[in-house]
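Chain residues, written in single-letter form:
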Amino acid sequence: MKKENIKPKKNEIKILLLGDTGVGKTSIFKRYLENKYEGNKTATVGVDFSTRDFKYKNENYIIQVFDTAGQERFKGITKSYFHMSEYYFVVFDLTNKNSLDAIPSWLELLKEEKENPKYIILGNKDDLKNKQISEDEINNVLENLDNININGEKFLRVSAKNGNNIENAFKYMIDVFNNDNNENKGENNNAKLTKSNLQKKNSNAKCCK
Ligand code: GTP
């Protein structure tokens, strides 16, 4: 059964990370919240969350991030937290084809809990340049998904290890949040923001530079 949303405060954004075990969700979480990277591998058990005050385009935001467990045996617990959030990063490992192939089933699980979730797909471990799965393989899996595009791309390459694009991913999500709020206030009635014109908006706005 789909659960009621918990209404967030003004400028409070709840973002949940999901995806297979080992793709780097905890590492992205730590990079964003504490700007650090710990190379060791301890699987998340249950769910962790933390907040960061974040200034972007002269506005203050409270970003609450949920890090979930990717292991199969914790899927029930992970799923039970999906309703806590409005926005999602669906993460795969750019060096692990299985983690890419798992994205559609993660989305099925998410959509059992949440109607029309807003989600951005992140390909993590972009620093491992010589081990990456091909662009064609990625596009084959992602082409029919209803995710938020980033400047015309179906996913964003990030690296929790060197920090590449981690803050940008959160800034893009804030843009999505602001567009949703403007729509709700009726400011965007004539030009309803679809996923494809969000990407135009993002490229015009030079998000995250
Ligand atoms: P679960 O908690 O089991 O769901 O895994 P997770 O998705 O949280 O993965 P985690 O952050 O624990 O990372 C798994 C492994 O990948 C660890 O050994 C990390 O050090 C490594 N890792 C994470 N991010 C990166 C990255 O950007 N680059 C590289 N090279 N390794 C990474």
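Our structure's up above, just so we're on the same page.
Because the structure is predicted, anything quoted here is derived from the model rather than measured.

Caption draft 1: Looking closely at the pairing of strand 4 (residues 87–93). For strand 4, the buried fraction is high: seven of the seven residues fall into the buried class. Burial along strand 4 is two-sided: the face carrying Tyr87, Phe89, Val91 and Asp93 and the face carrying Tyr88, Val90 and Phe92 are both buried. Relative to strand 4, strand 1 (residues 12–19) runs parallel, the two sharing five bridges. Residue pairing for strand 4: Leu18 is matched across the bridge by Val90. With seven bridges connecting them, strand 4 and strand 5 (residues 118–124) associate as parallel partners. Within strand 5, the residue paired with Phe89 across the bridge is Ile120.

Caption draft 2: Quick look at the side chain of Asp180. If you trace the backbone, Asp180 turns up in helix 6 (residues 166–184). Here Asp180 falls in the buried class, since its relative accessible area comes to 13%. In terms of polar contacts, Asp180 uses its side chain to reach the side chain of Tyr87, at 2.6 Å. Asp180 has contacts with Tyr87 and Lys118, leaving out every residue within four places of it along the chain.

Caption draft 3: Molecular detail of the packing of aromatic side chains. For the coordinates displayed, the defined rule picks out seven aromatic pairs. Relative to Phe155, the ring of Phe92 has its centre 5.7 Å away and its plane inclined at 55°; by these criteria the two rings are tilted. With Phe92 in strand 4 and Phe155 in the loop between helix 5 (135–142) and strand 6 (156–157), this pair connects stretches of sequence that are 63 residues apart. Here a set of aromatic residues connected by ring pairs shows up, and it is made of Tyr32, Phe54, Phe89 and Phe170. Of note, Arg52 hangs over the ring of Tyr32, and the distance from its end group to the ring centre comes to 4.5 Å. Above the ring of Trp106, the side-chain terminus of Lys75 is found at 4.5 Å from the ring centroid.

Caption draft 4: Spatial organisation of the site of the ligand. Near the ligand lie 24 residues; those nearest to it are Thr21, Lys25, Ser27, Thr44 and Asp127. In the model, an oxygen atom of the ligand is placed 2.7 Å from a nitrogen or oxygen of the Thr44 main chain. Burial of the ligand by the protein chains amounts to 92% of its free accessible area of 650 Å². Sort the elements by how many residues they give to the shell around the ligand and helix 1 (residues 25–34) lands first, with three residues. Looking at the shell around the ligand, its residues break down into six nonpolar, eleven polar and seven charged.

Cut-offs and rules
- Residues numbered from 1 in each chain as written.
- Predicted model: local features only at pLDDT ≥ 70, side-chain atom pairs only at ≥ 80, totals over all residues.
- Heavy atoms only, no water.
- Buried < 20%, exposed > 50% of the residue type's maximum accessible area, 1.4 Å probe, protein only.
- Helix = DSSP H or I, 4+ residues; strand = E, 2+ residues; numbered from the N terminus.
- Pairing = 2+ DSSP bridges.
- Polar contact = N/O pair within 3.5 Å; in protein donor to acceptor, adjacent residues only side chain to side chain.
- Contact = heavy atoms within 4.5 Å.
- Phe/Tyr/Trp six-rings, centres within 6.5 Å; stacked < 30°, edge-to-face > 60°.
- Lys NZ or Arg CZ within 6 Å of the ring centre and 35° of its normal.
- Near = heavy atom within 4 Å.
- Areas by Shrake-Rupley, 256 points an atom, 1.4 Å probe, with all protein chains shown as cover.
- Nonpolar A, V, L, I, M, F, W, Y, C, P; charged D, E, K, R; others polar.

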